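# Breakdown of the fold
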There are 2 protein chains.
Amino acid sequence: MNTKEWYADYINQTVNDIKYPVEPEGLYAPIAYTLASGGKRLRPMLLLAACEACGASADSAVNQALGIEMYHNFTLLHDDVMDRADVRRGRPTVHVKWDDSTAILSGDAMLTMAGRLVMKVVDDKILRPVMELFNTTAMEVYEGQQYDMDFEHRDDVTIDEYLNMIRLKTSVLLGAACKLGAIVAGADAATADSLYEYGTMLGLAFQLQDDYLDTFGDPAVFGKAIGGDILNDKKTYLLISALRCGDDAVASEIASMFGVRSDHKIERIRQLYVEYGIDRLCREAIDYYSDMAEKSVLATDLPADAKEFFVDIARKSRARSK
Amino acid sequence: MNTKEWYADYINQTVNDIKYPVEPEGLYAPIAYTLASGGKRLRPMLLLAACEACGASADSAVNQALGIEMYHNFTLLHDDVMDRADVRRGRPTVHVKWDDSTAILSGDAMLTMAGRLVMKVVDDKILRPVMELFNTTAMEVYEGQQYDMDFEHRDDVTIDEYLNMIRLKTSVLLGAACKLGAIVAGADAATADSLYEYGTMLGLAFQLQDDYLDTFGDPAVFGKAIGGDILNDKKTYLLISALRCGDDAVASEIASMFGVRSDHKIERIRQLYVEYGIDRLCREAIDYYSDMAEKSVLATDLPADAKEFFVDIARKSRARSK
């Protein structure tokens, strides 16, 4: 196994090495811009690490890693248009720097390019399972995004519905990344499935940690203002839990602040979360899914250093502050 | 070979039979709406006919036919957002009936679903060539759409650039449809390539005929107002030819009307087209590409009734009035 730093460098290098056609510039420049903006590179890292854990070299899965990173960045590009988000990773989003049409069309091209990259397997025997996993995952991600948008207009979202939404929107792609690495390395089905489970559970913990940090993170470390989710009445694990904690007074006080945009609202709702133990509930859920991720990988026959690598990612993820 | 009517019925039936997940409705209902809106079904018809011409049954290529129709409808859905088009086939477009986010996300899902359908080949040996043709064609279509958008801001577009744009945006998908049918039927490479050439040439003639009808069609038959391209200063074969006919007075008179939106503009520019033989130029180009299409298919070893079928489509296409 290589180190996380090695994988990140390797991915950034291969992303930089992608050769785009020069023309039409309006189609390809936004793609290069989006890919170059960095990010955690978590998905391709998991994919390459899973491939090495299963006994093949990182090189053998580089196209799948790039494909999954391309797909992930495509979803961000289109999500930013849908959410009217102006900034991503500290830079103007594509629909701001160019325009909506550019963001839509370049995103479409990224989706097709992602499929092309994922298809580049050496062994034709795994072409169909690889593409089926990729396509099924892609459909799940759209479904998750649709539920996320639907939830904006609903006040009766349950925790189960919320967990299903983040599983679809975020987690399955991490699961698929792990499983693709395993498939490319020729791993047996049980190992591939365990790695899928690892990635999916890690993804749930990861998203819940995002929810938690948006409200309880340290503004100096988190990198963006705290309380954005509260301000926007975003149906997070915290908000849904508070609305469903069984205390009508809490639910109605929170509901009375929907649409309000003030620092007082952020403070007051955060206070309610702490008072009613909603923050603790959220941390318990994070620990639960993080433990599940660890267990999935520990139950495999993978080498000790591989298990250690994946367990370390799960532990660092739940302890992260940004 | 079956008749055109048989293919159209068969496609409409299979489109109607597509089972979509019930949830999330916001993702799948717009897809069903888009596919149900009809259209000429030209691409799947060509695909099925090519498959039968090469000796296999239409059934064996039904998934590829649906996939190409799904892809085509995805491009229309996203193009309508980019072009802010409110009506398509007499019905409100998805971004009007729902909203932009719905149109973007449902379109994304259609692109993935298209790939999934095209992948459904029985023989794993053709999986890679089929997907490579599909992905290459998809990228070309995006490039064509990008050039089309770029041309809106340019007054120096050449006829060669224009033909390349419509080749990418429109023609290659017809070529790919024909070739996919041939590949699925197990045709030899030369036949598959000839059918690709047929489809591409037919596509060029088809698009030029669209340009022609938008200006010279019979309003009672054409189904929409005549002169829309002129009104919007759309860089069509006619407009580019007029600007580049070598007569500075014509070019500057037309340029002086850019941005104007009046019936007089439509009349005057149509008059100039006729006076300077631009309409004839356009008809010559249509006939040229239509002839090329016929020649491509006549040069193959396909059965006589298959050749007749494809030649008939080319002839009817160039003679169509709507």
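Residues numbered from 1 in each chain as written. Chains lettered and ligands numbered in written order. Predicted model: local features only at pLDDT ≥ 70, side-chain atom pairs only at ≥ 80, totals over all residues. Heavy atoms only, no water.

## Considerations on the relation of the copies chain A and chain B
For the record, the criterion: A residue counts toward the fit only if its pLDDT is at least 70 in both copies, and the copies are then superposed by least squares on the C-alpha atoms of those residues. Two residues form a contact once any of their heavy atoms are found within 4.5 Å.
Placing chain A over chain B gives an RMSD of 0.0 Å and needs a rotation angle of 180 degrees, together with 0.0 Å of translation along the axis. Both chain copies can therefore be described as sitting about a two-fold axis. A shared interface surface links the copies, since 100% of the contact residues of chain A are contact residues in chain B too.

## A short note on the interface of chain A and chain B
It is common to give the size of an interface as the accessible area lost on bringing the parts into contact. For clarity, the cut-off: We define buried area as the total accessible area lost by two parts upon association, computed with a 1.4 Å probe and summed across both. A pair is scored as a salt bridge if a Lys or Arg side-chain nitrogen falls within 4 Å of a carboxyl oxygen belonging to Asp or Glu. Helix and strand assignments follow DSSP, with helices taken as H or I runs no shorter than four residues and strands as E runs no shorter than two, numbered in order from the N terminus. Throughout, the ten residues Ala, Val, Leu, Ile, Met, Phe, Trp, Tyr, Cys and Pro are labelled nonpolar, Asp, Glu, Lys and Arg are labelled charged, and all others, Gly among them, are labelled polar.
In this assembly, 37 residues from chain A lie in contact with 37 residues from chain B. Carbon and sulfur atoms make up 64% of the surface buried where chain A meets chain B, a total of about 3,500 Å² over both sides. Three residues, Leu-105, Arg-128 and Met-139 of chain A, lead the burial of chain A against chain B; their summed loss comes to 18% of the area buried on that side. Here chain A is connected to chain B by two salt bridges. Between Asp-124 of chain A and Arg-128 of chain B there is a salt bridge, with the nearest N and O atoms lying 2.6 Å from each other. If you list the elements that add at least two residues to the side of chain A that touches chain B, you get α2 (25-36), α4 (62-82), α6 (100-119) and α7 (127-151) of chain A. Broken down by element, the side of chain A that touches chain B gets its largest block of residues, 15 residues, from α7 of chain A. A breakdown of the residues in the side of chain A that touches chain B according to their chemical character gives 21 nonpolar, eight polar and eight charged.

## Details of the domain arrangement of chain A
All names here are of chain A. Applied cut-off: Where each domain begins and ends follows an automated or database-derived domain assignment.
For chain A, the assigned domains are domain 1 (1-140) and domain 2 (188-322). Between the C-alpha centres of domain 1 and domain 2 the distance comes to 25 Å. Contact residues are listed per partner, giving 15 residues for domain 1 and 16 residues for domain 2. The junction of domain 1 with domain 2 conceals about 1,100 Å² of combined surface from both sides, 81% of it contributed by carbon and sulfur atoms.

## Let's talk about helix α2 (residues 25-36) of chain B
Basically, it comes down to this: Here a helix's expected span is defined as the number of its residues, less one, multiplied by 1.5 Å. Working definition: with a 1.4 Å probe on protein chains only, accessible area under 20% of the residue-type maximum means buried, over 50% means exposed, and in between means partly exposed.
With twelve residues, α2 of chain B should cover 16 Å at 1.5 Å per step; its first-to-last C-alpha distance of 16 Å lies within 8% of that length. Turning to α2 of chain B, its buried residues are Gly-26, Leu-27, Tyr-28, Pro-30, Ile-31, Tyr-33, Thr-34 and Leu-35 of chain B. Tucked inside the fold, the buried residues of α2 of chain B contact α7 of chain A together with α1 (4-17), α4 (62-82), β2 (91-92), α5 (94-97) and α6 (100-119) of chain B. Just downstream of α2 of chain B lies Gly-38 of chain B, where phi reads positive at about 85 degrees.

## Quick look at helix α14 (residues 263-275) of chain A
Residues and elements named next belong to chain A. Our working definition: The arc in question is the one traced by the directions running from the helix axis out to the C-beta atoms.
For α14, which comprises 13 residues, the first-to-last C-alpha distance of 18 Å matches the rise-based estimate of 18 Å (1.5 Å per residue) to within 8%. Regarding α14, the residues found buried are Lys-265, Ile-266, Ile-269, Leu-272 and Tyr-273. Viewed end-on, α14 has its buried residues packed into an arc of 130 degrees, placing them on one side of the element. Of the residues in α14, the exposed ones pointing more than 90 degrees away from the buried face are Asp-263, His-264 and Glu-275. Looking one or two places after α14, you find Gly-277, whose phi comes out positive at around 70 degrees.

## A short note on the packing of aromatic side chains
The description of an aromatic ring pair rests on the distance of the ring centres and on the angle between the ring planes. All names here are of chain B. For clarity, the cut-off: Stacked, edge-to-face and tilted labels apply to pairs of Phe, Tyr and Trp rings (six-membered ring for Trp) whose centres lie within 6.5 Å, assigned for plane angles under 30 degrees, over 60, and everything in between, in that order.
Across all of its chains, the model carries 28 aromatic pairs over all chains by this definition. Plain terms: the ring middles of Trp-6 and Tyr-10 are 4.9 Å apart, the flat faces sit at 15 degrees to each other, and that makes the pair stacked. Taken as a pair, Trp-6 and Tyr-10 lie in helix α1 at a separation of four residues, close to a single helical turn. Residue classification places Trp-6 among the partly exposed residues on the basis of a relative accessible area of 34%. An angle of 75 degrees between the planes, with centres 4.9 Å apart, marks the rings of Tyr-288 and Tyr-289 as edge-to-face.

## As for the packing of α2 of chain B against α4 of chain B
In helix packing, the relevant descriptors are the interaxial angle and the interaxial distance, both defined with respect to the helix axes. Residues and elements named next belong to chain B. So the rule is basically this: Working convention: axes come from line fits to C-alpha atoms, limited for helices to the stretch in contact. Angles between N-to-C directions cover 0 to 180 degrees. Throughout, the term roughly parallel applies to angles under 35 degrees, roughly antiparallel to angles over 145, roughly perpendicular to angles from 65 to 115, and oblique to all others.
Running from N to C, α2 and α4 point in directions that differ by 105 degrees, and their axes come no closer than 10 Å. Taken together, the axes of α2 and α4 are roughly perpendicular relative to one another. Contacts between α2 and α4 involve Ile-31, Thr-34 and Leu-35 on the former and, on the latter, Glu-69, Met-70, Asn-73 and Leu-77. The residue inventory of the contact of α2 with α4, partitioned by class, reads four nonpolar, two polar and one charged.

## Quick notes on the environment of Ala-185 of chain B
Structurally, Ala-185 of chain B is set in the loop between α8 (159-184) and α9 (189-216). In this structure, Ala-185 of chain B is in contact with Cys-51, Cys-54 and Ala-56 of chain B, ignoring residues within four places of it in sequence.

## Concerning the pattern of salt bridges
Residues and elements named next belong to chain A. Tallied over the full model, the rule gives 40 salt bridges over all chains. Measuring nitrogen to oxygen at the nearest pair gives 2.8 Å for the salt bridge that ties Glu-294 to Arg-315. Of this pair, Glu-294 sits in helix α15 (residues 278-298) while Arg-315 sits in helix α16 (residues 304-319), and the two are 21 residues apart along the sequence. Overlapping salt bridges, with partners in common, bring together Asp-287, Asp-291, Glu-294, Arg-315 and Arg-318 in one network.

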